[in-house]
Amino acid sequence: MSRPSPSLGPALVTASVAAATTWVALLSWRGLTDRPSDVLVPLVVLAGVVAGVGAVGRWARLGPFGVLVLQVVLAGMVLSYVVSGAPVPVGAAWADLRAEVDLAMEGARAYAPPVPAEEADVSPLLLGGGLLCLLLVDLLAAGLRRVPLAGIPLLVAYSLPVGLLSTDLTWWVFALTALGFLVLLFGQEAGDVGRWGRSLEEGPGGRSGSLQSAGVRMSAVSIGLSATALAVVVPLAIPTLEVRLLDIGRGGPGGDGIEIENPMVDLRRD
């Protein structure tokens, strides 16, 4: 049995929440370049394109993968315009686009984050990765209605800077991303339960049903806020233990770390 076509309003709300949640998760990338506005501002436009095209496409019953193709084409045109100045990368515009991407890859290899934008502009790489995250989250959360799977690209996007930056990630970015994910999850489950039928306890005028729905929403909000707060606060109270699994034998303790003498190996590690 096929699912009914969603109305434009709910489809737009779901797509907008998915895009906003992904954009907030991508805020963790702002330490990868010394000019994060060159990445975050165009990503707002790309998020709007992905959300708008996705909502209209699903309202028009194009199918999840038909919507994805349309999103890739239109958002790709916007990305091409931002990077190379031409919305259709054909001929000389394609050569310019390839040159910008090649320069960004060379800069990413040559400089440690935050990469100086004056020396190497890595925004084409970050914009491409951000667009990929936006498309995946929209497809999984809004297109295929698999919100738990949409948490995977969100987690990858948030965790990507962990191995590249020496600073800690911002707690409020995690909190807002988690809340957005919980809103998506609640919307999916509420829609599934709503298709079961009318409430048996509904009285004249539907007042008891509306009160029941309000109670469910308040309970969901309380649980979501509590879970997010605990996820932020509890790790701060957990002590970090130093565990030595191989601390045996007659020899004394070793040094504090591994020292690499080969400069080429050290360069590759950096």
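Everything quoted here is computed from the prediction, not taken from an experiment.

Scanning the protein chain from terminus to terminus reveals nine helices and zero strands. Reading the protein chain from its N terminus to its C terminus gives the helix and strand order α-α-α-α-α-α-α-α-α. Taken across its 270 residues, the protein chain has 30% of its residues classed as buried. Total accessible area computed for the protein chain in this model is approximately 17200 Å², and 67% of it derives from carbon and sulfur atoms.

If you walk through the whole model with that rule in mind, you get one aromatic pair. Ring geometry for Tyr-158 and Phe-174: centres 6.0 Å apart, planes at 50°, overall tilted. Of the two residues, Tyr-158 sits in helix H6 (residues 147–159) while Phe-174 sits in helix H7 (residues 171–194), which places them 16 residues apart along the sequence. Residue classification places Tyr-158 among the buried positions, given a relative accessible area of 14%.

What follows covers the side chain of Thr-22. Relative to the helices and strands, Thr-22 resides in helix H1 (residues 8–26). Judged by relative accessible area, which is 1%, Thr-22 ranks as buried. Those residues in contact with Thr-22, other than ones at most four positions away along the chain, are Cys-133, Leu-134, Val-137 and Leu-154.

With that settled, the discussion passes to helix H2 (residues 37–59). Residues spaced three or four apart along an α-helix face the same direction, because each turn holds 3.6 residues. Counted at 1.5 Å a residue, the expected span for H2 with its 23 residues is 33 Å, and the 33 Å between its end C-alpha atoms agrees. At the exit of H2 stands Arg-61, carrying a positive phi of roughly 60°.

Core analysis: the largest hydrophobic core is formed by 30 residues, its most contacted members being Leu-43, Leu-46 and Leu-131. At the level of secondary structure, the elements contributing two or more residues to this core comprise H1, H2, helix H3 (64–84) and helix H5 (123–143). At nine residues, the largest contribution of residues to this core is made by H2. Once you skip the residues sitting within four places of it in the chain, Leu-46 turns out to touch Ala-75, Val-78, Leu-79, Leu-127, Leu-131 and Leu-134. Ranked by size, the runner-up nonpolar core spans nine residues in total, among them Ala-25, Leu-140, Val-147 and Ala-150.

Take Glu-100: it is sitting in helix H4 (residues 92–110). Judged by relative accessible area, Glu-100 falls into the partly exposed class, the value being 31%. Separated by 24 residues in the primary sequence, Glu-100 and Pro-124 place their C-alpha atoms 7.1 Å from one another. The contact partners of Glu-100, leaving out residues within four places of it in the chain, are Val-83 and Pro-124.

Definitions and cut-offs
- Residues numbered from 1 in each chain as written.
- Predicted model: local features only at pLDDT ≥ 70, side-chain atom pairs only at ≥ 80, totals over all residues.
- Heavy atoms only, no water.
- Helix = DSSP H or I, 4+ residues; strand = E, 2+ residues; numbered from the N terminus.
- Buried < 20%, exposed > 50% of the residue type's maximum accessible area, 1.4 Å probe, protein only.
- Areas by Shrake-Rupley, 256 points an atom, 1.4 Å probe, with all protein chains shown as cover.
- Phe/Tyr/Trp six-rings, centres within 6.5 Å; stacked < 30°, edge-to-face > 60°.
- Contact = heavy atoms within 4.5 Å.
- Expected span 1.5 Å × (residues − 1).
- Core = buried A, V, L, I, M, F, W, Y, C linked by side-chain atoms within 4.5 Å.

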